[in-house]
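The primary structure of each chain is shown beneath.
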Amino acid sequence: MSSVPTVLQGQEAEDRAATLRNRARLGANKNLLFWYRELYRDQFRGLPNPQTLSILEVGSGTSPLKQFLSNVITSDVLDLDYLDLVFDCHEIDKLDAIKDNSIDVITLTNVLHHLKSPVGFLNRAASKLKSGGKVIATEPFFSTLSTPIFKYLHHEPVDFRISEPELGEVQGPLASANIALPWLIFFRRHEWLQRLNENFDVATVSTRPFSALSYMATGGISRKVPIPHFLYHALFSTDLAVSRRFPRFCAAFFTVILTRR
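For the structure given in this document, a descriptive report is provided here. Bear in mind that the values here come from a model prediction, so they are computed numbers and not experimental data.

Quick look at helix H5 (residues 146–153)
Piece 1. The complete set of buried residues in H5 reads Ser-146, Ile-149 and Phe-150. Within H5, the buried residues cover an arc of 90° as seen down the axis, which keeps them to one side.
Piece 2. Structurally, H5 contributes buried residues whose contacts are with strand E5 (129–140), helix H8 (214–218) and strand E7 (253–259).

This is the structure in structure tokens:
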């Protein structure tokens, strides 16, 4: 018997255990939950009554989105008992559980940089969106301040030198990543963005920065920084405003919105 399936199963079990740990840590971090709540508010701010929309979240393993929007359809490639759907998002166009042209919004937070082919996924995902439907994705932004943090203090790989918008090696949904990949697609490699043009109106792509140091100040998933919640709450709006006033200098995340043709 080949050892490859055993290796893959071992990696999946490791990723599943890590996801459950991360989900528990996020839920116990009051400041991090506040950061996510504000992110979700910002992601959906241009959509009236998101509670009435058909929303699919891709990569829901750790995500707390359903705590804030109960109508969200959660999904992940990992088989977790609290999810609505389990499937490989690279094959979303083959998913019978969701009808074509039926979804208002597909949302992803810090997921695109884990995908083998984010451009391929987005083009396939378009088949599930209604005309005028949205993909809303939040990913790391590389500014003067955030670049050394992501490159030298963050555990996930950063590679700006890739020749194609893909991951060179896939080991598992958590272990495989290039956090520079979405930023390159939407800010640096216009020809890669054009590959979405058949399904999305790339001329009207919306991108906006989200936060500078406020995510790091929570400690993120891996640790908890003991900043009193009332103080964190007070400082967050300043951090957000500064990130939008000086994005090239200090923004750490961005949200992109793609509209289905």
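Some thoughts on the packing of aromatic side chains
Piece 1. One pass over the structure, following the stated rule, counts 20 aromatic pairs.
Piece 2. Residues Tyr-36 and Tyr-40 carry aromatic rings whose centres are separated by 5.9 Å and whose planes lie at 40° to one another, so their mutual orientation is tilted. Separated by four residues within a single helix, Tyr-36 and Tyr-40 lie in helix H2 (residues 30–43), roughly one turn from each other. As far as the burial class goes, Tyr-36 and Tyr-40 line up, both buried.
Piece 3. Relative to Phe-68, the ring of Tyr-40 lies with its centre 5.9 Å away and its plane at 50°, an arrangement referred to as tilted. With Tyr-40 in helix H2 and Phe-68 in helix H3 (residues 65–68), the pair connects residues that are 28 residues apart, well separated along the chain.
Piece 4. The class for Phe-68 is partly exposed, based on a relative accessible area of 32%.

Things to note about the sheet that holds E5
Piece 1. The mixed open sheet is built from seven strands, whose spatial order is E3-E2-E1-E4-E5-E7-E6. Each having just a single partner strand, strand E3 (85–86) and strand E6 (206–209) make up the two edges of the open sheet.
Piece 2. Judged from the six bridges that link them, strand E4 (residues 103–109) and E5 form a sheet pairing that is parallel. Residue pairing for E5: Ile-103 is matched across the bridge by Leu-129.
Piece 3. Strand contacts of H2: E4, E5, E6 and E7, with the helix running at about 145° to E4, the strand carrying the most contacts.
Piece 4. In the packing of helix H6 (residues 181–188) onto the sheet, the strands contacted are E5, E6 and E7, and the crossing angle to E7 comes to about 60°.

With respect to unusual backbone geometry
Piece 1. Of note in the backbone geometry, Asn-49 takes a positive phi value of approximately 55° without being a glycine.
Piece 2. By secondary structure assignment, the location of Asn-49 is in the loop between H2 and strand E1 (55–58).
Piece 3. The phi dihedral of Asn-110 falls on the positive side, at around 55°, and the residue is not glycine.

Some remarks on the nonpolar core
Piece 1. Of all hydrophobic cores here, the largest spans 69 residues; its most connected members are Trp-35, Ile-106, Leu-108, Phe-121, Leu-122, Phe-186 and Leu-196.
Piece 2. Ranked by residues supplied to this core, first place goes to H2 with seven residues.

Things to note about the side chain of Gln-43
Piece 1. Position of Gln-43 relative to the elements: it lies in helix H2.
Piece 2. In this structure the side chain of Gln-43 is engaged in a polar contact, spanning 3.2 Å, whose partner is the side chain of Thr-109.
Piece 3. At 2.8 Å, the side chain of Gln-43 and the side chain of Thr-138 are in polar contact.
Piece 4. When near neighbours in sequence (up to four residues on either side) are disregarded, Gln-43 contacts Thr-107, Leu-108, Thr-109, Ile-136, Thr-138, Arg-208, Thr-255 and Ile-257.

Notes on the environment of Cys-250
Piece 1. Secondary-structure assignment places Cys-250 in helix H10 (residues 247–250).
Piece 2. Residues Cys-250 and Ser-146, spaced 104 residues apart in sequence, show a C-alpha to C-alpha distance of 6.3 Å.
Piece 3. When sequence neighbours within four positions are dropped, the list of residues in contact with Cys-250 reads Ser-143, Leu-145, Ser-211, Ala-212, Val-242 and Ser-243.

Concerning the pairing of E7
Piece 1. Counting buried positions over the seven residues of E7 gives seven, a clear majority of the element.
Piece 2. Every second residue of E7 is oriented toward a common face, with Phe-253, Thr-255, Ile-257 and Thr-259 on one face and Phe-254, Val-256 and Leu-258 on the other, all of them buried.
Piece 3. Judged from the four bridges that link them, E6 and E7 form a sheet pairing that is antiparallel. If you follow Thr-207 over to E7, its bridge partner there is Val-256.

Analysis parameters
- Residues numbered from 1 in each chain as written.
- Predicted model: local features only at pLDDT ≥ 70, side-chain atom pairs only at ≥ 80, totals over all residues.
- Heavy atoms only, no water.
- Buried < 20%, exposed > 50% of the residue type's maximum accessible area, 1.4 Å probe, protein only.
- Helix = DSSP H or I, 4+ residues; strand = E, 2+ residues; numbered from the N terminus.
- Arc of directions from axis to C-beta.
- Contact = heavy atoms within 4.5 Å.
- Phe/Tyr/Trp six-rings, centres within 6.5 Å; stacked < 30°, edge-to-face > 60°.
- Pairing = 2+ DSSP bridges.
- Axes fitted to C-alpha atoms, helices over the stretch in contact; angles between N-to-C directions.
- Core = buried A, V, L, I, M, F, W, Y, C linked by side-chain atoms within 4.5 Å.
- Polar contact = N/O pair within 3.5 Å; in protein donor to acceptor, adjacent residues only side chain to side chain.

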